[in-house]
Amino acid sequence: MSPRRSTVSSPLDKARRVVVKVGSALLVDQESGRLNRSWLETLIEDLVRLRKRGQQVILVSSGAIALGRRQLRLPRGPLRLEESQAAAAVGQIRLAHAYKELLEHHDITVAQILLTLEDSEQRRRYLNARATLESLLSLGALPVINENDTVATAEIRYGDNDRLAARVAQMTSADCLVLLSDVEGLFTADPNRDANAQFIERVLQITPEIEAMAGRSQSEVGSGGMATKILAAKIAVAAGCHMCIAAGHHRHPLRRIEEGARCTWFVPSATPVAARKQWIAGTLRPAGAVQIDAGALRALREGRSLLPAGVIGARGRFERGDTVSVLAPDGTEVARGIIAYSDTDAARIMGRRTSEIESILGFRGRDEMIHRDDMVVLRPDVLAAAAPETAEAVR
Ligand code: GLU
């Protein structure tokens, strides 16, 4: 942690893919229960600017329950689960409508995704959500995400969008997550009660000391509070993503961060790709293995992906998204990676060209058996010793 303001440009300027989370307290006026529309317009302008300079943006927006409860004339104070679900159903449609109007004004297509906890915890659903988000981003849409509060039950819900946003950042290998909240960031103690409370601008490691500060720090009006923000930070930095907690109630809240406004940055020790690779390398028990031919071994040496054509065998039972070992022709484990096909599908397409996948399986899966970003080389020595590349082996 360092008390000084960083002189280098903010991670927000440099990020390729940014997730921005807005809390209910910012979006919805506490007194009237209405959307803070003029403020939201300035946030949207900030998002548009990020996109114009080539950054991909995902918005995680709260506010459904806060908007819906007013419409349904529900009393102030804590709601029962069924009441929150009903409020979310009513509020979400209003929220989506507002985003559609505001973004279409800038010629941006908005896409709504409502996620549950299980969508981020169960592998198959996680992969589906990830694939959908990737498609939307590549098609130029701006995904707006919230928890699917109408179906989430007490036991299986996030309940706070801080951790949901961190999961989304992890899922999409985003390199920057901004939590816009009604607090400026992390203090050593509650600044309202303790005159000696100091602001923390940079956290390089989330130590027990930092966690204890979160308990003492001022917390926001929404469901989050500082404790869930620290949990979110743990998820984000483990995924190689910078995370920032910043005051969002000013107009143009993202521009303010770029201009150096005070906020707390959590700094990861690796990039998203490196963090993902560490995680893959650390898999204790790969679910299965694929054996590759000499041509694929050379392709791996060049840092390329593993295509079905280079696979000569599949062992074990695995599903799409499992970590498997990649074995050299002599059986040595040379790499590990997340496979894009199940064992049965892998067996059917191995040795075949990528263009044949659809006609063999009946669906168009990924071109690669294991994408290079999902693969980590364990034995560079074996790869280095692979015979030099020949033209026909390069795919
Ligand atoms: N998903 C909730 C909503 O849209 C908000 C959760 C939170 O406050 O973080 O109302």
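Residues numbered from 1 in each chain as written. Predicted model: local features only at pLDDT ≥ 70, side-chain atom pairs only at ≥ 80, totals over all residues. Heavy atoms only, no water.

### Details of the overall build of the protein
Selection criterion: Only DSSP runs of H or I covering at least 4 residues are called helices, and only runs of E covering at least 2 are called strands; the numbering of each starts at the N terminus. What the globule rule says is 2.2 Å times the number of residues to the power 0.38, and the radius of gyration is computed from C-alpha atoms. Exposure is judged per residue with a 1.4 Å probe applied to protein chains only, and the accessible area is read against the type maximum: over 50% gives exposed, under 20% gives buried, and values in between give partly exposed. Here, residues are in contact when the closest pair of their heavy atoms is within 4.5 Å.
Helix and strand counts for the protein stand at 16 helices and 15 strands. Taken over the C-alpha trace, the protein has a radius of gyration of 23 Å; the compact-globule value for 395 residues is 21 Å, and the two agree within 12%. Projected onto its principal axes, the C-alpha positions of the protein cover 70 × 45 × 40 Å. The buried share of the protein, taken over its 395 residues, is 52%. Sequence-distant contacts in the protein: of pairs separated by 6 or more residues, those separated by 24 or more amount to 73%.

### With respect to the packing of aromatic side chains
Let me state the cut-off plainly: Working definition: a ring pair exists when centres of Phe, Tyr or Trp rings (six-membered ring for Trp) sit within 6.5 Å. Plane angles under 30 degrees give stacked, over 60 give edge-to-face, the rest tilted.
Overall, the coordinates contain one aromatic pair when judged by the stated rule. Relative to F199, the ring of F187 lies with its centre 5.0 Å away and its plane at 75°, an arrangement referred to as edge-to-face. Of this pair, F187 sits in strand 6 (residues 186-187) while F199 sits in strand 7 (residues 199-200), placing them twelve residues apart in sequence. F199 matches F187 in its accessibility class, with the two residues each being buried.

### Describing the pairing of strand 2 (residues 56-61)
Within a regular strand, the side chains alternate between the two sheet faces. Just so we agree on the cut-off: One bridge is not enough; two strands pair if DSSP finds at least two bridges between them.
Within strand 2, five of the six residues are buried, which leaves the element mostly enclosed by the surrounding structure. Note: strand 2 against strand 4 (residues 142-147), two bridges, orientation parallel. For L59, the partnering residue across the bridge sits in strand 4 and is V144.

### Examining the sheet that holds strand 1 (residues 17-22)
Defined as follows: To obtain an axis, a line is fitted to C-alpha atoms, over the contacting stretch when the element is a helix, and the angle between two such axes runs from 0 to 180 degrees between their N-to-C directions.
Sheet architecture is open: eight strands sit in the order 3-4-2-1-5-9-10-8, paired in mixed fashion. Only two strands of the sheet have a single partner each, and these edge strands are strand 3 (110-115) and strand 8 (202-203). Alignment of strand 9 (residues 242-247) against strand 10 (residues 264-266), held across three bridges, turns out to be antiparallel. Across the sheet, the residue bridging to M243 is F266, located in strand 10. Packing of helix 5 (residues 81-104) onto the sheet brings it into contact with strand 1, strand 2, strand 3 and strand 4, and relative to strand 3 it is tilted by some 155°.

### Brief notes about the nonpolar core
To keep things clear, this is the line we draw: To define a nonpolar core, start from buried Ala, Val, Leu, Ile, Met, Phe, Trp, Tyr and Cys residues and group those joined through side-chain atoms within 4.5 Å.
Core analysis: the largest hydrophobic core is formed by 44 residues, its most contacted members being V19, I145, L177, L186, M243 and F266. Looking at this core, the elements with two or more residues in it are strand 2, strand 3, helix 7 (123-138), helix 8 (161-171), strand 5 (176-181), helix 9 (208-216), helix 10 (225-238) and strand 9. Looking at which element gives the most residues to this core, the answer is helix 10, with seven residues. Residues A15, L47, Y99 and I257 belong to the second largest nonpolar core, which totals 36 residues.

### Things to note about the pairing of strand 3
On strand 3, burial follows the alternation: A111, I113 and L115 on one face are buried, whereas V110, Q112 and L114 on the facing-out side are not. Pairing between strand 3 and strand 4: six bridges, direction parallel. The partner of V110 across the bridge, within strand 4, is L142.

### Some details on helix 13 (residues 294-301)
Rule in force here: Under this definition, polar contacts are N or O atom pairs within 3.5 Å; protein pairs additionally need one hydrogen-donor-capable and one acceptor-capable atom, and for neighbouring residues in sequence, both atoms have to be side-chain atoms.
Counting buried residues in helix 13 gives six out of eight residues, a clear majority hidden from the surface. For helix 13, every residue scored as buried is listed here: G295, A296, L297, R298, A299 and L300. The opening residue of helix 13 is D293, an N-cap whose side-chain oxygen sits 3.2 Å from the backbone nitrogen of G295. G303 sits one or two residues past helix 13 and shows a positive phi near 80°.

### A look at the packing of helix 3 (residues 37-52) against helix 5
Stated formally: The cut-offs work like this: below 35 degrees is roughly parallel, past 145 is roughly antiparallel, 65 to 115 is roughly perpendicular, and the gaps in between are oblique. Each crossing gets its handedness from the near helix: less than a right angle anticlockwise from the far helix is left-handed, clockwise is right-handed. Three classes are used: nonpolar for Ala, Val, Leu, Ile, Met, Phe, Trp, Tyr, Cys and Pro, charged for Asp, Glu, Lys and Arg, and polar for all others, with Gly counted as polar.
One can describe the packing of helix 3 onto helix 5 by two numbers: an axis separation of 10 Å at closest approach and a directional angle of 50°. Between helix 3 and helix 5, the angle falls in the class oblique. Crossing hand, helix 3 versus helix 5: right-handed. Residue-level contacts link R37, L40, E41 and I44 of helix 3 to A98, Y99, E101, L102 and L103 of helix 5. Of the residues that constitute the contact of helix 3 with helix 5, the class distribution is six nonpolar, no polar and three charged.

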